[in-house]
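Letter by letter, the chains look like this.
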Amino acid sequence: MVRLEYDNPPTFIEVGKLKKRKIYLGYNAIYAGIHYSVRQRIVSELKTFLYTKEFKAISLIEEPVRVRLIYHRNLKNWDLDNKVGLWAKCFLDLAKGQIFQDDNVRYVKELVYSYVEGDDKLVIEVEVI
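What counts as what
Residues numbered from 1 in each chain as written. Predicted model: local features only at pLDDT ≥ 70, side-chain atom pairs only at ≥ 80, totals over all residues. Heavy atoms only, no water. Helix = DSSP H or I, 4+ residues; strand = E, 2+ residues; numbered from the N terminus. Buried < 20%, exposed > 50% of the residue type's maximum accessible area, 1.4 Å probe, protein only. Lys, Arg positive; Asp, Glu negative; His and termini not counted. Salt bridge = Lys/Arg side-chain N within 4 Å of Asp/Glu carboxyl O. Polar contact = N/O pair within 3.5 Å; in protein donor to acceptor, adjacent residues only side chain to side chain. Contact = heavy atoms within 4.5 Å. Pairing = 2+ DSSP bridges. Axes fitted to C-alpha atoms, helices over the stretch in contact; angles between N-to-C directions.

Caption draft 1: Broad picture of the side chain of lysine 83. With respect to the helices and strands, the residue lysine 83 is situated in helix α4 (residues 80-95). We note that lysine 83 is buried and unpaired, the nearest opposite charge coming from aspartate 79 at a distance of 9.0 Å. In this structure the side chain of lysine 83 is engaged in a polar contact, spanning 3.4 Å, whose partner is the backbone oxygen of leucine 25. Among residues more than four places away in sequence, those in contact with lysine 83 are Tyr24, Leu25, Tyr71 and Trp78.

Put into structure tokens, the structure is as follows:
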């Protein structure tokens, strides 16, 4: 099993040159019809955050895997799929060819999102089993 822990991941990005505005990270931002360059920036920033030295040190796993993303947060009213889904997509795309051959169903047999009520610090754990 591979386990990665990401402390204090970003929850928003600021866009705009003259008038700054915050875009909160989640699928809702993508569905809102944002400009493609903002979408590319969101994905790029998330992948950069995920690509740690621990991530780079993982050897390719040949057999099919299960991936679990565990979101630790002290909030009571939010949508798990909205927040974790975007992180999952970016993680799977980044892990393709590095941790497993591909992110299709031949290599990733299961994808699970979990929520654990935590303290005030946001933490995302990723387990590859």
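Read on for the rest.
Caption draft 2: Fine view of the pattern of salt bridges. As enumerated under the stated definition, the model contains 8 salt bridges in all. Measuring nitrogen to oxygen at the nearest pair gives 2.5 Å for the salt bridge that ties lysine 76 to glutamate 117. Linking lysine 76 in the loop between β4 (65-73) and α4 with glutamate 117 in strand β5 (residues 108-117), this pair joins segments that are 41 residues apart in sequence. Note on glutamate 117: relative accessible area 47%, which makes it partly exposed. Through salt bridges that share partners, Arg3, Glu5 and Glu125 make up one connected network.

Caption draft 3: Structural context of the sheet that holds β4. Judged by pairing direction, the sheet is mixed, and its 4 strands sit side by side in the order β1-β6-β4-β5 without closing on themselves. Both edges of this open sheet fall to β1 (2-7) and β5, since each of them pairs with a single strand only. Taken over all neighbouring pairs, the strand axes of this sheet differ in orientation by 15 degrees on average, direction set aside. In this structure, β1 lies alongside strand β6 (residues 123-128), joined through 6 bridges in antiparallel fashion. Across the sheet, the residue bridging to glutamate 5 is glutamate 125, located in β6.

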